[in-house]
Amino acid sequence: MRDYKRFLKEKAYINGEWVLESNGATFEVRNPFDNSKIAEVPDLGREETKEAISAAQVALEDWKNETAEYRAKLLKKLFNLQLEFADELAYILTLEQGKPLTEALGEIKYGASFIEWFSEEARRTYGETIPTNAKNRRILTIKQPVGVVAAITPWNFPNAMITRKIAPALAAGCTVVVKPAESTPLSALAIGILAEMAGIPKGVINIITTNRPIEVGQELTSNPIIKKISFTGSTHVGKILMKQCANSVKKVSMELGGNAPFIVFDDADINTAVEGVIASKFRNSGQTCVCTNRIFVHDSIYDEFTYKLSKEVTKMKVGNGVEKDTVIGPLINESAVNFLSDLVEDASTKGAEVIVGGSLDKEKGNFFPPTILGNVNEEMDVFNKEIFGSIAPLIRFSKEEEVIAMANNTPYGLASYFFSKDYARIWRVSEALDYGMVGVNTGKISTTVAPFGGVKESGIGREGSKYGIEEYLEIKYICVGGL
Ligand code: SIN
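Residues numbered from 1 in each chain as written. Predicted model: local features only at pLDDT ≥ 70, side-chain atom pairs only at ≥ 80, totals over all residues. Heavy atoms only, no water.

## What about the packing of aromatic side chains?
Here's step 1: If you walk through the whole model with that rule in mind, you get twelve aromatic pairs.
Here's step 2: Taken together through their ring pairs, the aromatic side chains of F262, Y417 and F419 make up a single cluster.
Here's step 3: Seen from the ring of W18, K9 lies directly overhead, with NZ or CZ sitting 4.8 Å from the centre.
Here's step 4: The ring centre of Y472 lies 5.2 Å from the NZ or CZ of K228, which sits over that ring. (Phe/Tyr/Trp six-rings, centres within 6.5 Å; stacked < 30°, edge-to-face > 60°. Lys NZ or Arg CZ within 6 Å of the ring centre and 35° of its normal.)

## So, helix α10 (residues 302–314)
Every α-helical turn comprises 3.6 residues, leaving residues that sit three or four positions apart pointing alike.
Here's step 1: The first and last C-alpha atoms of α10 sit 18 Å apart over 13 residues, in line with the 18 Å expected at 1.5 Å per residue.
Here's step 2: Those residues of α10 lying buried are Y302, F305, T306, L309, S310 and V313. Around the axis of α10, the buried residues are gathered within 130° of arc, so they sit on the same side. Of the exposed residues in α10, those oriented more than 90 degrees away from the buried face are D303 and Y307.
Here's step 3: On its buried face, α10 sits against β12 (260–264), α9 (270–281), β13 (292–298), β14 (353–356), β15 (371–374) and β16 (391–397). (Helix = DSSP H or I, 4+ residues; strand = E, 2+ residues; numbered from the N terminus. Expected span 1.5 Å × (residues − 1). Buried < 20%, exposed > 50% of the residue type's maximum accessible area, 1.4 Å probe, protein only. Arc of directions from axis to C-beta. Contact = heavy atoms within 4.5 Å.)

## Remarks on the environment of G127
Here's step 1: Secondary-structure assignment places G127 in the loop between α4 (101–121) and β5 (128–130).
Here's step 2: Classification of G127 by relative accessible area gives partly exposed; the value is 39%.
Here's step 3: As a C-alpha pair, G127 and I475 span 348 residues in sequence and 7.9 Å in three-dimensional space.
Here's step 4: Beyond its immediate sequence surroundings of up to four residues, G127 is in contact with T141 and I142.

## Brief notes about the site of the ligand
Here's step 1: Among the 13 residues in the neighbourhood of the ligand, the closest are listed as Y110, R164, R283, C289 and S446.
Here's step 2: Within the backbone of C289, a nitrogen or oxygen atom sits 2.7 Å from an oxygen atom of the ligand.
Here's step 3: In the complex, the protein chains occlude 100% of the 260 Å² of accessible area that the ligand would expose alone.
Here's step 4: The residue makeup of the shell around the ligand, split by class, is six nonpolar, four polar and three charged.
Here's step 5: Counting the residues that make up the shell around the ligand, at least three belong to each of domain 1 (4–256 + 458–479) and domain 2 (260–447). (Near = heavy atom within 4 Å. Polar contact = N/O pair within 3.5 Å; in protein donor to acceptor, adjacent residues only side chain to side chain. Areas by Shrake-Rupley, 256 points an atom, 1.4 Å probe, with all protein chains shown as cover. Nonpolar A, V, L, I, M, F, W, Y, C, P; charged D, E, K, R; others polar. Domains from an automatic or database assignment.)

Below, the structure is given as structure tokens:
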């Protein structure tokens, strides 16, 4: 391992300076594996947040007036640096978040791919000319940056959820104030170091570390200088932020919770479906918004599927993310473990069968074993709540219409998956699922090149792809008269 400590910063980043809280307030960042202290970072509040917003406002003037080529080149440098120091960044990510090193490295590369993609998109924010409605005038549109953006990001992807927001924002000509999650500020600060190394001008990226998310969130959502909030996190917090943004009518992008169905039809390839569940259910120990939440299996293949899935899940090694061969790392904290235990208990009381795992070994810190629950139904919490952990609930079904109705019976609409070899069914079910994203015969759908986002209470807007940059642009219509 090269010197990861070089990227382990214990100061926040405002206006190109590494700063402390004015009274020296700090909070500890702990390793979810054993709760040991990794670092101590500034606990910034409203005043420092205002300073960061002002810095971003001042920086905006030059940044938005630079050429797209200039912004693209700096982003490309940032991309190259993130890859050059991927090992160091991944190590810090595992220390503060817990995911296995191979997954952390995958996240750093995934995060870098957004920077590369949007460095390219920077040059393609085209306007258009519109056929005129009068002979003596011409009509056209241009695209302009929305202004200063606040990015509020989650702990489950401490690098990629930041780059997925700041790369399109910067490419569009916006400046940003980033507020990373309290449990994972170190990966965010490491991005600040890379930004400095890349020569991104002061004030363009500002990073607020805080253990006072409500106070800082209120400033970000009420300050009139902020023109847009991009948030990834729970639906509950997303709704609060949206309400707070209403007073100053900010644009919002919301990437919120999910309750992803995973349907295995009787004509599916069962082995591929098992691989698909493993990929989509157990990634990041089940702590992603697109993780499979409910697995619907056709009655006629239920037993075979359950047997094959159980065989694979039993092999998964649970342990410290930095150890080789670990597949399931710790959950983010103890309350996450307690939440999963409660889900298992509720389901068992209501008639579910614990096929694999289920109970937790108290000696082992924030761990929860990979678990399979059989005979789950709509009355159980595990069917209705976002699990955000390594529980795979199996539900039997017999008819296509019935399973689509059950799959759509949720306020969420982020990711969905199904497995079938029937091409007519593939079209029918893809169109019938009320979700922003559908994986057909695959459990891996996340990629820079495709639009990531949800419908219903799972969110507003899209990230990644050619659509991602549009979230940071306003369309201005210009009418040239008197010709
Ligand atoms: C998330 O869980 O918020 C994002 C996961 C992904 O990009 O695949």
